Amino acid sequence: QVQLVESGGGLVQPGGSLRLSCAASGFIFESYAMTWYRQAPGKERELVARISPSGGSTNYAGSVKGRFTISRDNAKSTVYLQMNSLKPDDTAVYYCHTHWFTARDYWGQGTQVTVSS
């Protein structure tokens, strides 16, 4: 069965950094693009970053471009999100998601990121 386990969140001060991880299983990880989403209280879920199956192509939301970096290790079936220069507006629950059609409606538990002084 598909499993997506996010980790690495926590409380950080503005300007700080965090590295999120998403450990995936239950599908052929290297065949599919992966995406990070986030959802802040009272707001809709938004796309943060996306990476192609091989890692050769990435896309970012304008609000995080230049600060966040998405990467993947296909040997470990893991996708990462390096988050630098964090702002209070980055506070949200962060989720990873696979582009495998069968798992399009599957979401893990997410990991909480809180940016506050």
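These numbers were taken from a predicted model, which means no experiment stands behind them.

Draft legend 1. A look at the overall build of the chain. Broken down by element type, the chain carries zero helices and ten strands. In terms of principal-axis extent, the alpha carbons of the chain reach across some 40 × 25 × 20 Å. Considering the chain as a whole, with its 117 residues, one finds that 42% of them fall into the buried category. Sequence separation of 24 or more characterises 53% of the internal contacts of the chain that already satisfy a separation of 6 or more. Looking at the chain as shown, the accessible area adds up to about 6,000 Å², and 47% of this sits on carbon and sulfur atoms.

Draft legend 2. Region of the structure containing the state of the cysteines. If you walk through the whole model with that rule in mind, you get one disulfide. Between the sulfur atoms of Cys-22 and its disulfide mate Cys-96 the distance is 1.8 Å. Measuring handedness by torsion sign, the sulfur bridge of Cys-22 and Cys-96 sits at about 45° and is right-handed. Taken together, the residues Cys-22 in strand β3 (residues 18–25) and Cys-96 in strand β9 (residues 92–98) connect sequence positions 74 residues apart. By relative accessible area, which is 0% here, Cys-22 ends up buried.

Draft legend 3. Molecular detail of the side chain of Arg-38. Along the chain, Arg-38 falls in strand β4 (residues 34–39). Within the structure, the side chain of Arg-38 is placed 2.8 Å from the side chain of Glu-46, a separation counted as a polar contact. Within the structure, Arg-38 has its side chain in polar contact with the side chain of Asp-90 (distance 2.9 Å). The contacts of Arg-38, once residues within four sequence positions are left out, are Glu-44, Arg-45, Glu-46, Val-48, Ser-63, Val-64, Phe-68, Asp-89, Asp-90, Ala-92, Val-93 and Tyr-94.

Draft legend 4. Fine view of the environment of Arg-104. Position of Arg-104 relative to the elements: it lies in the loop between β9 and β10 (111–115). Residues Arg-104 and Arg-38 lie 66 residues apart in sequence; the distance between their C-alpha atoms is 16 Å. From its side chain, Arg-104 meets the backbone oxygen of Phe-101 in a polar contact 2.9 Å long.

What counts as what
- In this convention, every chain numbers its residues from 1, walking through the sequence in written order.
- Side-chain atom pairs in this predicted model are given and counted only at pLDDT of 80 or more, local residue features only at pLDDT of at least 70, and totals for whole chains, interfaces and linings cover all residues.
- Hydrogen atoms and water are omitted, and side-chain values are computed over all heavy atoms in the structure.
- Strands are runs of DSSP state E lasting at least two residues, helices are runs of H or I lasting at least four, and both sets are numbered from the N terminus onward.
- The cut-offs for exposure are 20% and 50% of the maximum accessible area for each residue type, with area from a 1.4 Å probe on protein chains only; residues under the lower value are buried, those over the upper are exposed, and the others partly exposed.
- Any two residues whose heavy atoms approach within 4.5 Å at even a single point are treated as in contact.
- Computed with the Shrake-Rupley method and a 1.4 Å probe, the accessible areas treat only the protein chains shown as cover for residues.
- Criterion for a disulfide: a pair of cysteine sulfur atoms within 2.5 Å.
- Pairing of N or O atoms within 3.5 Å defines a polar contact, subject to two protein rules: one partner must be a possible hydrogen donor and the other a possible acceptor, and residues neighboring in sequence count only if both atoms are side-chain atoms.

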